[in-house]
Amino acid sequence: MRDRVLDHFNENMAPRKLFVVDCDWEELWNMYLDGFPAELNPMFRERRTLDCSECRSFFKRMANVVAIDEDTGKYITLFEGATGLEKEVFDELDEHVKSAEIKDVFMSDTKRIGVESNLEMLEDGSVYTWYHFYADVPERCVGNLSEKAILRNNRIVLENSTQRISEDAVDTVLELIASNSLYRGDQWENVLKTFKNYLHEYEANEWDENVFYWVKSIELGSMIVRIKNHSIGVLLMDITQEVPLDVAVTNYERIVAPTNYQRPKPIFTKRMLEEAQEKINELGFGESIYRRYANMADLSINDVLFANRDYTSDIQDNENLFDKLRNLTVNKARNFDKVQEITLDDFVESILPTAVEVELYLSYGLSNNFMSLIAPVNKDAPSMFKWDNPFSWAYKNNIADSLMKERVKALGGDVDVDLRFTIQWNDNDWDKNDLDAHCTTPEGEEIYFSHMKSSGTGGWLDVDIINPERNVPAVENIQFKDRNKMIPGDYLFRVHQYTYRGGNDGFKAEIEFDGRIFNFVYPMRVNQNEYVDVAKVTLDKEGNFSMKSFLDNQTSSVKDWNLNYNSFVPVSLICYSPNYWGDNAVGNKHIFFILKDCLNDGRPNPWFNEYLVSELRDHRKVTEALASIAKVEESDEQLSGIGFSFTQKNKVTLKVKSENIERVFNVVIG
């Protein structure tokens, strides 16, 4: 009987996965002892013949062990297939074990369980051999019993992952990886494909579910079994729970991506693309997505506040050589602090109606306000926008706010402050220089990389860059959160070349206070250990800021959008943003000053999602991606200039000529 059990275990159980079922071994032991008739299990001394401590110990560790048939998922027990005198007893034991559920993986801390035989010397001096149940445990099942807890937990996590992660979510993430839209997503590709195959098996499974989970928790390996507990599992569960895709990806990136990580492209899937395309065609916007620069012929006179009488969309290059040389001379920055100040509403109502010519003073502080009007290629295409005309607009770099501010925020710096000084370099060719932002306080305290915080003024260098990365603008930021904690007096802001590594493009800088941003540029090489003074900001005893710039004249040699700074530029026309033309009043209002000879040298986005009709709201990721590839084609015929949002406080200097008089105004916007 012992040999038949041993052979059965070695041939039919040991090669397969082994588990322990939730079955009382003592009950099995008693069933075994009581199942044999007295003639097969007679009393010997004080106990029945089969009632031995060694066999009892074997039952304790092995009677409730089962193997899983990999074809059927059914149990194979120690007692299965008996043919000898023990058949009736073993059939009952087999049935009892098979009625229980798996509770654990089988693991032994010894190579052999049980004893093959032992000897007893009888009173007459003869030796009696006792034979017992025993088995040699497969090598893979011998180990530290604490591993059982890990394997038990793996099975629990696998079931949880199966129930909380859908195959659609896996497909979505695999598609994001294939389109390179997920940070380090390629590291998860093989894991996800394996998990997807597992989900297919689960759906087709005809085994007992508990058996299936136990077997797969061993086969798949810890990485796949515990997928729910990894960063990719957070993303998968969010998508399964129908968290918006961009939010789900952001949650994932918050775990795995560095703070300065910028996603390479909008997040959308093939299914989202197909649904968006269907909706765009349904709304009749197929032709509306193709865009170009607007020109004068596109506009209605009713949408224009002012148009220069000499304006023409076909600008001829009629400058002589002396005019060209004149453009290269230095234009000293001018101060218009004592010029008459007027609100935009008063300017539009009282000054523009009699204006013959208008010129705008292009200071470097307006470098982020360049904009272009955009029109559809097909003039008859319906409007995709919330307003009833097909025109849109785009600011320089497709934003209307400061790029430096956005960069500082991305690196964890604070821009919601009373006073901010930011420098930026490495935004053209790779400039490896180590530039440092410095501030000297009224008491002579220096805020810089070796003394980043000032306890006396609250000043703090909260972003510091030592080694600029290729194609990534480098910024440093010094901020004063609360002017009430600052000491009245002069704050000198300057830039120091700590380590010159070959970059010759200089730097840009911003100073912000009282809702206004002042821009500076130093387009020349900063030599080793050289200091460049940028500006001095003064805080008076009443808490008011004023500023003196040291770099105004440096901007004269800088050209943007075909225009030179620190000079008056003719205004071709003035209008509000298209969302306020006619009877429209949708969203934020802007005013645009279209400038003569102003040429956008880029390919702006043809629209932004906030412009689009509500019917496309559910497809915002696809429309965002579509805008990024349907960019406006280059053209010299365009309406570009300077724009201002009414949501931000701004001031622009305008020279107005009427029939008999020329006046200069500081026009307050916002």
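Cut-off values and rules
- Residues numbered from 1 in each chain as written.
- Predicted model: local features only at pLDDT ≥ 70, side-chain atom pairs only at ≥ 80, totals over all residues.
- Heavy atoms only, no water.
- Buried < 20%, exposed > 50% of the residue type's maximum accessible area, 1.4 Å probe, protein only.
- Helix = DSSP H or I, 4+ residues; strand = E, 2+ residues; numbered from the N terminus.
- Pairing = 2+ DSSP bridges.
- Polar contact = N/O pair within 3.5 Å; in protein donor to acceptor, adjacent residues only side chain to side chain.
- Contact = heavy atoms within 4.5 Å.
- Axes fitted to C-alpha atoms, helices over the stretch in contact; angles between N-to-C directions.

### Structural notes on the pairing of strand E31 (residues 640-645)
- Of all six residues in E31, six are buried, a share of seventy percent or more.
- In terms of strand pairing, strand E30 (residues 590-595) meets E31 through five bridges, oriented antiparallel. Opposite His590, over in E31, you have Ser645 as the bridge partner.

### Notes on the side chain of Glu446
- In this fold, Glu446 is placed in strand E19 (residues 446-447).
- Looking at Glu446, its side chain comes within polar contact range of the side chain of His438, at 2.9 Å.
- A polar side-chain atom of Glu446 sits 3.2 Å from a polar atom in the side chain of Arg494.
- When residues no more than four places from it in sequence are discounted, the contact partners of Glu446 are His438, Cys439, Thr440, His451 and Arg494.

### Points about the sheet that holds strand E20 (residues 459-463)
- Taken together, five strands build an open sheet; the order of strands is E20-E21-E17-E23-E24 and the sheet is antiparallel. Because the sheet does not close on itself, it has two edges, and the strands there are E20 and strand E24 (516-522). With strand direction ignored, the average angle separating the axes of adjacent strands in the sheet is 15 degrees.
- Direction of pairing for strand E17 (residues 419-425) relative to strand E21 (residues 474-480): antiparallel, over a ladder of seven bridges. Looking at the pairing, Arg420 lines up with Gln479 of E21.

### Looking at the side chain of Thr77
- Note that Thr77 resides in strand E5 (residues 75-77).
- In contact with Thr77, not counting residues within four places along its chain, are His8, Met13, Val65, Val66, Asp94, Val97 and Lys98.

### With respect to unusual backbone geometry
- Notably, Asn529 is not glycine yet its phi reads approximately 70 degrees, a positive angle.
- Of note, Asn562 is a non-glycine position whose phi angle comes to about 75 degrees, a positive value.
- With a relative accessible area of 39%, Asn562 lands in the partly exposed category.

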